[in-house]
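Working through the structure, step by step
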Amino acid sequence: MASEAPPFWWERPDWRAFALYPLSAVYGAVARRRMTTARREPVDLPVLCVGNFTVGGTGKTPVAIALARQAAQMGLKPGFLSRGHGGSFSQPHVVDLGHDGARHVGDEPLLLAEHGPVAVTPNRAAGARLLMARGCDFLIMDDGFQSARIHIDYALLVVDGRRGLGNGHVIPGGPMRAPLLEQLRLADALLKMGEGAAADMVVRMASRANKPVFEAKARPRDPVRLAGRRFLAFAGIGHPEKFFDTVRGSGGEVVISRPLPDHHLFTSDDVEDLTSLAAANGLELITTAKDAVRLRNGTTAEQAFLRRLTVLEIDAVFELPHAPERIVEDTLAAWRKRTRR
């Protein structure tokens, strides 16, 4: 299974989307009501939310990391708020890279924790208090735009250039987390991630609404090292084909591809199967940074497997170099206006 999202969500609307429309209408109405009427708890720090319109991967995590780097360059101490998909902690928790694994805190928080403190909890306000106690003075919320838990000073919604909004229907008939117009109304800016025309419609809508529209690309680090190498590539991310295409675009040959469910937690059988298949075909193993962190602090076999992998690191590179600075500055300006500072 390539993803937890049904494939028809990413195709033109068909009978399945229309058959599910009554349920989508109910889900959308509930989501709209929550977003517009829920009490958002204010926190004493500026909050920049990096969210998206749909379920599935759009490149939010590399964007959040790029914005944290920018904030640090401006003399701020950024911290991250994350729900921690797949984690096991019942109370708010600050990620400990030396001891926590993906089964404890989820995979994305482990990536974020390499760039600043990360509080993992559905209770974003409690997480904010933890980060304040750690000395953070700027909060980046990875996802959570639709949850309406805390006040957001600046909401940047990321949309994938190639997949766009999928079939445009709300869950369960499509990948949309809430009705498009409601999400656009509450967004402060839009970020188109990667090339492709699928996002052009929402880009035009944002522009007509006078929302800033930024563009960025996912750029692999040191891609030349992949040239001429033959791989078994595997990935448990929202859209594994994007990763396989990136390997190919960097000069690597993807002889065998193995898409896995998003946030997939590896088992000993997975490790054995991938190792045996690669060896039988004379291939090297390559995966994403997000998959690699799920093997960190795992079993002895998982850590040995991790040492054999080539891990493709990805950075979000903005088309306009000053865009991250503008986003951070606009977040600070909105916070000062909110708190009269």
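Just above, that's the structure.
Broken down by element type, the chain carries 13 helices and 13 strands. Against the 2.2 N^0.38 benchmark of 20 Å for 341 residues, the chain shows a C-alpha radius of gyration of 20 Å, consistent with a compact globule. Along the first, second and third principal axes, the C-alpha set of the chain runs to 65 × 50 × 40 Å. Going through the 341 residues of the chain one by one, you find that 52% of them count as buried.

Here the focus is the pattern of salt bridges. Taken as a whole, this structure holds 23 salt bridges when the rule is applied. Put simply, R326 and D330 hold a salt bridge, and the shortest N to O gap is 3.6 Å. Note that R326 and D330 are positioned in helix α13 (residues 323-339) at a spacing of four residues, about one turn of the helix. Assessed through its relative accessible area of 36%, R326 is described here as partly exposed. Salt bridges sharing common partners tie together R69, R221, E313 and D315.

Taking strand neighbours across the sheet as the criterion, the nine strands line up as β3-β4-β2-β5-β1-β6-β7-β8-β13 in an open arrangement whose pairing is mixed. Strands at the two margins of the open sheet, each flanked by one partner only, are β3 (93-94) and β13 (314-318). Lying over the sheet, helix α3 (residues 60-73) contacts β1 (47-52), β2 (78-82), β5 (138-142), β6 (154-160), β7 (189-193) and β13, oriented at roughly 65° with respect to β13. Against the sheet, α13 makes contact with β1, β5, β6, β8 (213-220) and β13, and its axis sits at roughly 145° relative to β6, the strand it touches most.

Right, let's get into the nonpolar core. Within the largest apolar cluster, 53 residues are counted, with the highest numbers of intra-cluster contacts made by V63, L67, I140, L156, F234 and F318. Counting residues per element, this core draws most heavily on α3, which supplies seven residues. If near-sequence neighbours (up to four positions away) are discounted, V63 is found in contact with V50, L156, L191, M193, A316 and F318. By size, the runner-up hydrophobic cluster in this structure holds 34 residues, among which are V47, A128, L165 and L180.

Judged by how many residues are buried, β6 sits mostly within the fold: seven of seven residues are covered. Residues Y154, L156, V158 and D160 point to one face of β6 and A155, L157 and V159 to the other, with burial holding for every one of them. The sheet contact formed by β1 and β6 spans five bridges and is parallel. Its bridge partner being in β6, V50 is matched across the sheet by L156. The pairing of β6 with β7 spans five bridges and is parallel. When the bridges of β7 are listed, V159 appears paired with K192.

The set of residues buried in helix α6 (residues 124-133) consists of R124, A125, A126, G127, A128 and L131. Check the buried side of α6 and you find it contacts β2, β4 (118-120) and β5. A positive phi of about 90° marks G135, the residue just after α6.

Take the pairing of strand β10 (residues 253-259) next. Pairing between strand β9 (residues 230-235) and β10: six bridges, direction parallel. Among the inter-strand pairings, A233 is bridged to a residue of β10, identified as S257.

Criteria and cut-off values
Residues numbered from 1 in each chain as written. Predicted model: local features only at pLDDT ≥ 70, side-chain atom pairs only at ≥ 80, totals over all residues. Heavy atoms only, no water. Helix = DSSP H or I, 4+ residues; strand = E, 2+ residues; numbered from the N terminus. Rg over C-alpha atoms; globule rule 2.2 N^0.38 Å. Buried < 20%, exposed > 50% of the residue type's maximum accessible area, 1.4 Å probe, protein only. Salt bridge = Lys/Arg side-chain N within 4 Å of Asp/Glu carboxyl O. Pairing = 2+ DSSP bridges. Contact = heavy atoms within 4.5 Å. Axes fitted to C-alpha atoms, helices over the stretch in contact; angles between N-to-C directions. Core = buried A, V, L, I, M, F, W, Y, C linked by side-chain atoms within 4.5 Å.

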